[in-house]
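Chain residues, written in single-letter form:
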Amino acid sequence: MNRITTYIRQSLQEIYPPEEVKALSMLICCDMLGLDALDIYMGKDIILSECKQRELENIIFRLQKNEPIQYIRGFAEFDGRRFKVAPGVLIPRPETVELVELVARENTDACRLLDIGTGSGCIAISLDKRLPDAKVEAWDISEEALAIAYTNNKELKAEVMFLQRDVLSDDWEKTPSFDVIVSNPPYVTEAEKNGMDANVLDWEPELALFVPDDDPLRFYRRIADLGRELLLPEGRLYFEINQAYGRETAHMLEMNQYRDVRVIKDIFGKDRIVTANR
Ligand SMILES: C[S@@+](CC[C@H](N)C(=O)[O-])C[C@H]1O[C@@H](n2cnc3c(N)ncnc32)[C@H](O)[C@@H]1O
């Protein structure tokens, strides 16, 4: 091991598990400081310029404060693209790519899609790219998130239309116009906070994450109601869900007269997506 990787590992070993320290160390050296991967593997001693040394110290300082590496780098990879992220917006998760893949695969003829709770715009922009003939609209209540989504839309040359809208309120006119409504809304209960990592709790926006313990399906119920007004007759709903509420979400949709309700597991075998036809 050279002096740089030794310094990184010693600085982080009390906060992160060994495998993560190893991965972070390679990422910092190669992707962030631009050092040669082979030199790092071979343990070659590398002298950093003063500027790179300061950059390294800043990265370590921020990681020691549990800041997610995606916020430090300023972007997250999602569906093969780089999405700008910052503390006002949820970091896109790999599980959510499965939702995008499913929607794109099953709706090749869709003309209009709506993404509710768009955050960084990762779902809406990825769908806009995968379904170039469709028009994609996306809503979020958060101004900060929407500002980041706009930037991503511009930088990734997508054509999503973003609107600031509180999906829980009811003050706009509704006409059936969408073939698909997709949403990854807040779904973590307050009770689940205890088991969460500091880098999520201390850094990611509460508004994007939490729902009250006594109403975990709040967003799904509301979007299912909206779906009855906004979806065209053959329209479809797609939700990313809390793995603990697959059955309840499916039951709620059936009670709302949705048809062909499916609960789909993610790559880890956990209930992750619920979909239904109007
Ligand atoms: C779990 S995040 C999902 C972000 C993004 N779609 C993704 O998959 O990474 C939920 C999003 O819902 C937004 N949100 C929370 N309450 C909302 C509301 N009442 N109306 C609209 N959006 C809301 C949050 O700002 C956040 O961006």
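Residues numbered from 1 in each chain as written. Predicted model: local features only at pLDDT ≥ 70, side-chain atom pairs only at ≥ 80, totals over all residues. Heavy atoms only, no water.

To continue, consider the environment of Arg-81. Position of Arg-81 among the secondary structure elements: in strand 2 (residues 81-84). Put simply, Arg-81 and Thr-249 are 168 residues apart on the chain and 31 Å apart in space, counted from C-alpha to C-alpha. (Helix = DSSP H or I, 4+ residues; strand = E, 2+ residues; numbered from the N terminus.)

Below, the discussion takes up the domain arrangement of the protein chain. Domain annotation for the protein chain reports domain 1 (3-65) and domain 2 (75-277). For domain 1 versus domain 2, the separation of C-alpha centres amounts to 35 Å. (Domains from an automatic or database assignment.)

Turning our attention to the packing of helix 6 (residues 94-106) against helix 7 (residues 122-130). Across the interface, helix 6 lies against helix 7 with an axial gap of 10 Å and an inter-helix angle of 35°. Between helix 6 and helix 7 lies a crossing of right-handed hand. Residues Thr-96, Leu-99, Val-100, Glu-101, Val-103 and Ala-104 of helix 6 touch helix 7, and the partners they reach there are Ile-123, Ser-126, Leu-127 and Arg-130. (Axes fitted to C-alpha atoms, helices over the stretch in contact; angles between N-to-C directions. Left-handed = near helix turned anticlockwise from the far one by under 90°. Contact = heavy atoms within 4.5 Å.)

Next up on the list: the UniProt feature "domain: Release factor glutamine methyltransferase N-terminal" (unreviewed entry) in the protein chain. As recorded in UniProt, the feature "domain: Release factor glutamine methyltransferase N-terminal" (unreviewed entry) lies at residues 7-74. Overall, residues 7-74 shows 68% helix and 0% strand. The separation of its end C-alpha atoms is 23 Å. (UniProt positions renumbered as here; feature names shortened; annotations may be inferred.)

Our focus in this paragraph is the sheet that holds strand 4 (residues 135-140). Taken together, the seven strands give an open sheet; going across it, the order is 5-4-3-6-9-11-10, and neighbouring strands pair in mixed fashion. Across the chains shown, the open sheet's two edge strands, defined by having one partner strand only, are strand 5 (161-164) and strand 10 (259-265). Neighbour-to-neighbour, the strand axes of the sheet open up by a mean angle of 15°, direction not taken into account. Pairing of strand 3 (residues 112-116) with strand 4, which is carried by five bridges, proceeds in the parallel orientation. (Pairing = 2+ DSSP bridges.)

This part covers the pairing of strand 6 (residues 178-183). Counted residue by residue, strand 6 has five buried out of six residues, so it is predominantly covered. Both strand 3 and strand 6 contribute to a ladder of four bridges, which runs parallel. The partner of Leu-113 across the bridge, within strand 6, is Val-180. Note: strand 6 against strand 9 (residues 231-240), five bridges, orientation parallel. Bridge pairing in strand 9 links Val-180 to Arg-236. (Buried < 20%, exposed > 50% of the residue type's maximum accessible area, 1.4 Å probe, protein only.)

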